[in-house]
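Reading the structure
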Amino acid sequence: MGGVKRSIIKMATFTGSMAPVLVLWLAMSLSGTWAVDKGNFKTCDQSAFCKRQRALKPGDSPYRALLETMELTNTRLTLQLINDNNKVRLLLELYRLQGNMTRVKINELKPLKPRFEVPDVLITEPSTEPLSLLSQDENGVVLSLGTESQRVIISARPFRLDIMEGPEVLMSLNSRGLLAFEHLRMRKDTQAEPEGEKKEEADPANQAEKEEEEKVDGMWEETFKSHSDSKPNGPSAISLDFSLPGVEHVYGIPEHADTLRLKTTDNGDPYRLYNLDVFQYELYNPMALYGAVPVMLAHKAQRTTGIFWLNAAETWVDISSNTAGKTVFGKMLDYVQGSSETPQTDVRWISESGIIDVFIMLGPTPKDVFSQYASLTGTQSFPPLAAVGYHQCRWNYNDQEDVASVDAGFDEHDIPYDYIWLDIEHTDGKRYFTWDSHKFASPKEMLQALEDKKRKMVAIVDPHIKVDSNYKIHNEIRNKGFYIKNKDGGDYEGWCWPGSAGYPDFTRPDMRAWWASMFAYDQYEGTAENLYTWNDMNEPSVFNGPEVTMHKDAVHGAWEHRDVHNLYGLYVQMATAEGQIQRSGGVERPFVLTRAFFAGSQRYGAVWTGDNAAEWDHLKVSIPMCLSLGLVGISFCGADVGGFFKSPSTELLVRWYQTGAYQPFFRAHAHLDTPRREPWLFGPENTALIRDVVRQRYTLLPYWYQQFYHAYRTGEPIMRPLWVEYPQDPATFALDDEFLIGKDLLVHPVTEEGARGVTAYLPGKDQVWFDVHTFQKHNGAQSLYIPVTMSSIPVFQRGGSIIPRKMRVRRSSSCMTHDPYTLYVALNLQRTAEGELYIDDGHTFNYEKKEFIHRRLSFAKNMLSSVNLATDAEFSTGSWIERIVILGASKPSKVTLKTADGQESQLEFDFDASMSVLTLRKPGVNAGLDWNVMLQ
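Conventions we followed
- Residues numbered from 1 in each chain as written.
- Predicted model: local features only at pLDDT ≥ 70, side-chain atom pairs only at ≥ 80, totals over all residues.
- Heavy atoms only, no water.
- UniProt positions renumbered as here; feature names shortened; annotations may be inferred.
- Phe/Tyr/Trp six-rings, centres within 6.5 Å; stacked < 30°, edge-to-face > 60°.
- Lys NZ or Arg CZ within 6 Å of the ring centre and 35° of its normal.
- Helix = DSSP H or I, 4+ residues; strand = E, 2+ residues; numbered from the N terminus.
- Expected span 1.5 Å × (residues − 1).
- Contact = heavy atoms within 4.5 Å.
- Polar contact = N/O pair within 3.5 Å; in protein donor to acceptor, adjacent residues only side chain to side chain.
- Disulfide = S-S within 2.5 Å.
- Buried < 20%, exposed > 50% of the residue type's maximum accessible area, 1.4 Å probe, protein only.
- 1 Å grid on protein atoms, 1.4 Å probe; cavity = no way out; pocket = protein on both sides within 12 Å on 5 of 7 lines; lining within 4 Å.
- Points joined across faces, edges and corners; volume = space filled by probe spheres on them.
- Nonpolar A, V, L, I, M, F, W, Y, C, P; charged D, E, K, R; others polar.

By the naming in an unreviewed UniProt entry, the chain goes by Glucosidase II alpha subunit b and is assigned to Gasterosteus aculeatus aculeatus. We quote the UniProt Sequence similarities (unreviewed entry) comment for the chain here in full: "Belongs to the glycosyl hydrolase 31 family."

We now examine the packing of aromatic side chains. Across all of its chains, the model carries 49 aromatic pairs by this definition. A connected cluster of aromatic rings, assembled from ring pairs, spans Y419, W421, Y532, W534, F591, W608, F636, F665 and F708. Stacked on the ring of W608, the Lys or Arg R667 has its end atom at 5.1 Å from the ring centre. The lysine or arginine in question, R805, covers the ring of Y824, its NZ or CZ lying 4.9 Å from the ring centre.

The next thing to look at is helix α7 (residues 400-412). Look at α7: 18 Å from first C-alpha to last across 13 residues, which is about the 18 Å you get at 1.5 Å a residue. Close packing links the buried residues of α7 with β22 (390-392), β23 (419-422), α8 (443-452) and β24 (456-460). The N-cap residue of α7 is D399: its side-chain oxygen and the backbone nitrogen of E401 are 3.2 Å apart. Following α7 by one or two positions, D414 adopts a phi angle in the positive range, close to 60 degrees.

A word on the state of the cysteines. Evaluation of the coordinates by the stated rule reveals two disulfides. Two residues, C626 and C637, share a disulfide whose sulfurs are 2.1 Å apart. Taking the sign of the S-S torsion, about -75 degrees here, the bridge from C626 to C637 comes out left-handed. With C626 in helix α13 (residues 616-631) and C637 in strand β33 (residues 637-638), this residue pair connects regions lying 11 residues apart in the sequence. The exposure class assigned to C626 is buried, which follows from its relative accessible area of 2%. Residue class for C637 comes out buried when judged on its relative accessible area of 1%. Along the chain, the cysteines that take part in disulfide bonds pair up as 1-2, 3-4, counted in sequence order. The thiol of C496 is not disulfide-bonded; the next cysteine sulfur, from C393, is found 17 Å away.

Counted according to the given criterion, the structure contains 10 cavities of 30 Å³ or more. Estimated volume of the largest cavity: approximately 140 Å³. Together, 14 residues line the largest cavity, and K42, F224, D229, P546 and K552 are the ones closest to its centre. In the lining of the largest cavity, the residues fall into four nonpolar, five polar and five charged. Within this model, the second largest cavity holds a volume of roughly 60 Å³. As for the second largest cavity, its lining consists of 13 residues, of which K231, G234, P235, S236 and E352 are closest to the centre. Residue classes in the lining of the second largest cavity are distributed as four nonpolar, three polar and six charged.

Here you go:
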């Protein structure tokens, strides 16, 4: 739900002198077309530190390594760097980390005051491994990274750091000389300078610095539109460049509404990472959006690497390439002429404050990089099974009767769903943790009615708190001193949905603990176990603030908001998830959706792509947006089905359901001013199409749930680009209109209006793929044209895989708990296949106590078997194997089932010779037991 909505008249009554300002701002924002007003958001040229840093051009770096200061212990190397222009010294720390990673930290040697270092994102202090010195002379040092072939070379003049493997340079730091570190300093026009400063006044470097400050705007104060940033600490920006030889494809650094493969930024703005509430964002540009994950992956056929820039301040990322813009003909000409230019991508990170703290993940495979990043920031939280089902939402379901009517509509039209959602109108005047006493007079009864059908609800709880002395939440936060402060020491106030609002300081552990306690059933009245939470507006959104967010000189204890900005949303979701866990005594898994996020947010729940629009291009971009998030650890991603703003055509709505059903988070959502769009409101034909695809989602829940378990265990993305599984196939490197779910399902949604066909690339030279609807077999390593109708969703199962489904679709996922499984066995060219089956209770943390079933399913030598993968785990299920469908099979003469107790029985079967599909009927064996089936 967006920060700028048209039904602003529903906001609480404006009071005080700020009201006219807000009304004027809203009028400007809401006039004309529904589109982003770019003027509300800074370009690099309007962001003083970005403009300063970008003015530095590649060349010789002023930084020199002072080799005589080097200290090498068993766990780290330290070394001083000096800027020969201003004589300021920096401290470089280098760590070799477990799992083929290197950490580089650069800070001021003696800062005027401490500089911010990001807490709470790393799950633990990373384990180090020994570094050893291989050689040293006056030009630099060479260190071993454990193996003889992997080395770090530190060059002294100018300072440069290269990571090598054998003769190959994997990555270079400061090779373009763009390291910059604006040291903290006293303002030159102040009188309170320390003695040491006065003595240095004659120093030419000091004089040059003073002249620079007088010449360059925005170092000590900055204005954007009507907003002033007082910058009490002055300039504090940092920058570092990374060169990636041989690399032409880089990915990640979400959130941007752009292609999967990141573009070069030479002719425009850098990619911006700064959590912002952007009203109906524009597509295919590098503007900041709601979340920021400062992680980039670089891929080439031989290796995948990653860069994790651990900084929570506003950050810009420049990308350049020596092959960018070259036509295919130009590249061929290079080849014919024997051009020896190696492709290279150069990346430059620029942040407003903090320190340089970068983790270099050296792969070498994509899955190694996922594992390396997961070891730093954790994996995707394992959600309750119901959260993987379908979610029905709009701004707003009007009252309890409306909720009951929509709920009944799903039953009447035989469409399953798990969660119905309530937006801000359900509260008492936008006071979160409350209910509107007229519209939602008996919330517990409403929740119980849903529970009777094994369904659930999500209610919104935003982090802006109405300033109202009759509101318990506000009074407690104010009395405890938990609000963020303004630069003058008072409680920071801004405008949001309730009118005047305070913003809790979620960077404080005691504030987060208090917030978590508010979700207790005796605190949050009217709630029950089947009510979950949605954190919106947590960038934070401040309607009358600079760029619709908080002033950077607001204060969080010892730190400015500029230091912590991109962490705010993560902390809100963290505290909310903890509240849900605590209210159940630590038993039940939480479900929390957040709009703002940072590195590590994957540990706390789901994200969505924000306030999109009912346009075909928004449907298309949802795919690369979620793929980018998955690459940096956040697998539980989806987009508002149908588009939040505007009204979709029936064709677009159906196509969006067909796409969303194959994305990890599956929720329909709509703006208050749009016509109602429950799935049955578009005629029987479209209702049937939507029903069919939602039911497809539910049949595949066992596979989806297994993918979430795998993501939780490994950090690998659920929805993934093809190159992750086919890293040596260049044809996959830039694909972002199709994707894999796990490694066994390939999906190419139809995202073009009026499409009569799509062309899907099926990867794998020795691979076969089966259309899951027709069972038609296709060879890999080809682009396949697929005719489509409105009912078509091109989905393929990989030959060599086994996928479990539940074919008896009921009103919700919980109603299907004890239902039987059908196994779809797709044979490869070697006539083998493998898969898994994971089962637990679907909602508690008992899986952490080894209460689950995890089985390996394999087909080889005409035998299909189920073997226990977790012999130390224990769980029982009432589900059984109802049917086995083998694709690419031959007709057997007989089929024998053998169970763990030695019992044998003959199975009935059907064989479709035209499609080579063998169906085994009623094996009837419990899904948690050992068994095998022999084809003879």
